[in-house]
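The lines below spell out each chain.
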Amino acid sequence: LDKIRPIFPQFQTAPNVWFTSLNNLNPIVHPPMVVFNAGRIESTGGIGWNLYADGATESVAKVMLAMDAERMKLLAALSNQGIAFKDAFENLYEDYSVGKKSLAETLRQSPIHGNPAFPAPPAVDTRYITEDLPFGLAPWSSIGRMWGIPTPNIDAVIRIASTMLGRDYFTQGLTAEDLGIAGMTPENLK
């Protein structure tokens, strides 16, 4: 950390790897944006529009917030230091004075993500799915099942993306077994 702070002064120590893994916001943002904008992605090849500026509608943001509530319940089983998605984005863009009324407005008007140089993906089979589902949503879903914490919105996005791409991310993504934590309680994991 001492070596990296001169370049990235915002970096801080975290209590453990679970804290950083469950506070990764990419699985909350990318998969629902791709899934619920799939028609536009396929019909345009991602040309002429921006996934955030055009695709982060109020309805898509509602799905993200519902998924985030499930992620926060998983995190709460391990730590009281969770960062809610909406709070994280508001803090992230505080310096840009985005200060919009809703998460969708914040995402759509982000000076970084809304930049035309940051286009929509050219296909649904994108890293926004192939990284964030197997290494984010799938393990969260598996851990939720193990701990009896329901993740219906996360599961729905996994199921729809699996159907779209002809892959079963429930089995092809990381599971509690793959992580070597099968059967562990939150207390065991701590």
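Here, every reference points to the structure presented above.
Residues numbered from 1 in each chain as written. Predicted model: local features only at pLDDT ≥ 70, side-chain atom pairs only at ≥ 80, totals over all residues. Heavy atoms only, no water.

The next thing to look at is the overall build of the protein chain. What the protein chain contains, in helices and strands, is 12 helices and 0 strands. Traced from its N-terminal end to its C-terminal end, the protein chain shows the element sequence α-α-α-α-α-α-α-α-α-α-α-α. A compact globule built from 190 residues would reach a C-alpha radius of gyration of about 16 Å, and the protein chain, at 17 Å, matches this within 12%. Taken along the three principal axes of its C-alpha coordinates, the protein chain extends 50 × 45 × 30 Å. Buried residues in the protein chain amount to 42% of all 190 residues. Sequence-distant contacts in the protein chain: of pairs separated by 6 or more residues, those separated by 24 or more amount to 70%. A total accessible area of about 9900 Å² is found for the protein chain, and carbon and sulfur atoms account for 54% of it. The average position of the 15 basic charges and that of the 19 acidic charges among the side chains of the protein chain differ by 3 Å. (Helix = DSSP H or I, 4+ residues; strand = E, 2+ residues; numbered from the N terminus. Rg over C-alpha atoms; globule rule 2.2 N^0.38 Å. Buried < 20%, exposed > 50% of the residue type's maximum accessible area, 1.4 Å probe, protein only. Contact = heavy atoms within 4.5 Å. Areas by Shrake-Rupley, 256 points an atom, 1.4 Å probe, with all protein chains shown as cover. Lys, Arg positive; Asp, Glu negative; His and termini not counted. Charge placed at Lys NZ, Arg CZ, Asp CG, Glu CD.)

Every α-helix carries 3.6 residues per turn, so stepping three or four residues along brings you back to the same face. In a regular helix each residue adds 1.5 Å, so 16 residues correspond to 22 Å; helix α9 (residues 132-147) covers 21 Å between its end C-alpha atoms and thus fits that length. A138 marks where α9 bends most, by close to 30 degrees; the proline P139 follows one to four residues later. α9 sits mainly inside the fold: 13 of its 16 residues count as buried. G148 occupies a position one or two residues after α9 and carries a positive phi of about 70 degrees. (Expected span 1.5 Å × (residues − 1). Bend = angle between axes of the 7 residues up to and from the residue.)

Our next topic: the nonpolar core. Nonpolar side chains in soluble globular proteins tend to be buried together. Ranked by internal contacts, the top residues of the largest apolar core, which has 46 residues, are M33, L51, M64, F85, L107, I129 and L137. Looking at which element gives the most residues to this core, the answer is helix α5 (residues 58-76), with 6 residues. Apart from the residues lying within four places of it in its own chain, the contact partners of L51 are M33, V34, N37, I41, A56, P119, A120, P121 and Y128. (Core = buried A, V, L, I, M, F, W, Y, C linked by side-chain atoms within 4.5 Å.)

It is worth spelling out a nonpolar patch on the surface at this point. A contiguous nonpolar patch, built from L1, I4, I7, F8 and F11 and spanning about 440 Å² of accessible area, is present on the exposed surface. Residue position: I4 is located in the segment before α1 (17-22). What makes I4 partly exposed here is its relative accessible area of 32%. (Patch = residues over 30% accessible without salt bridge, like charges linked within 9 Å, V, L, I, M, F, W, Y side chains within 5 Å. Salt bridge = Lys/Arg side-chain N within 4 Å of Asp/Glu carboxyl O.)

Turning to the packing of aromatic side chains, a few remarks are in order. Evaluation of the coordinates by the stated rule reveals 1 aromatic pair. Summarising the aromatic geometry, the rings of F8 and F11 are spaced 5.0 Å apart at their centres and angled 15 degrees between planes, so their arrangement reads as stacked. (Phe/Tyr/Trp six-rings, centres within 6.5 Å; stacked < 30°, edge-to-face > 60°.)

Attention now moves to the packing of α5 against helix α10 (residues 152-165). Packing of α5 against α10 leaves a shortest axis separation of 7 Å and a crossing angle of 120 degrees. As judged from the angle between their axes, α5 and α10 are oblique. Taking contact as the criterion, the partners of V63, A66, M67, E70 and R71 in α5 are, on α10, P152, N153, I154 and V157. Residues that form the contact of α5 with α10 fall into these classes: 6 nonpolar, 1 polar and 2 charged. (Axes fitted to C-alpha atoms, helices over the stretch in contact; angles between N-to-C directions. Parallel < 35°, antiparallel > 145°, perpendicular 65-115°, else oblique. Nonpolar A, V, L, I, M, F, W, Y, C, P; charged D, E, K, R; others polar.)

A few words now on α10. Compared with the 20 Å implied by 1.5 Å per residue over 14 residues, the 20 Å span of α10 between its first and last C-alpha is a close match. Along α10, the residues classified as buried are I154, V157, I158, A161, S162 and L165. Looking straight down α10, one finds its buried side chains confined to an arc of 130 degrees; they lie on one side. Tucked inside the fold, the buried residues of α10 contact α2 (26-35), α5, α8 (127-130), α9 and α11 (169-172). G166 lies just past α10 and shows a positive phi near 70 degrees. (Arc of directions from axis to C-beta.)

Quick look at the packing of α9 against α10 now. Taken N-terminus to C-terminus, the directions of α9 and α10 make an angle of 135 degrees; their axes are 9 Å apart at the nearest point. The angle between α9 and α10 places the two elements in the oblique class. Pair α9 / α10 crosses with left-handed handedness. Residues L133, L137, A138, W140 and S141 of α9 lie in contact with α10, whose contacting residues are I154, D155, V157, I158 and A161. In terms of residue class, the contact of α9 with α10 is built from 8 nonpolar, 1 polar and 1 charged. (Left-handed = near helix turned anticlockwise from the far one by under 90°.)

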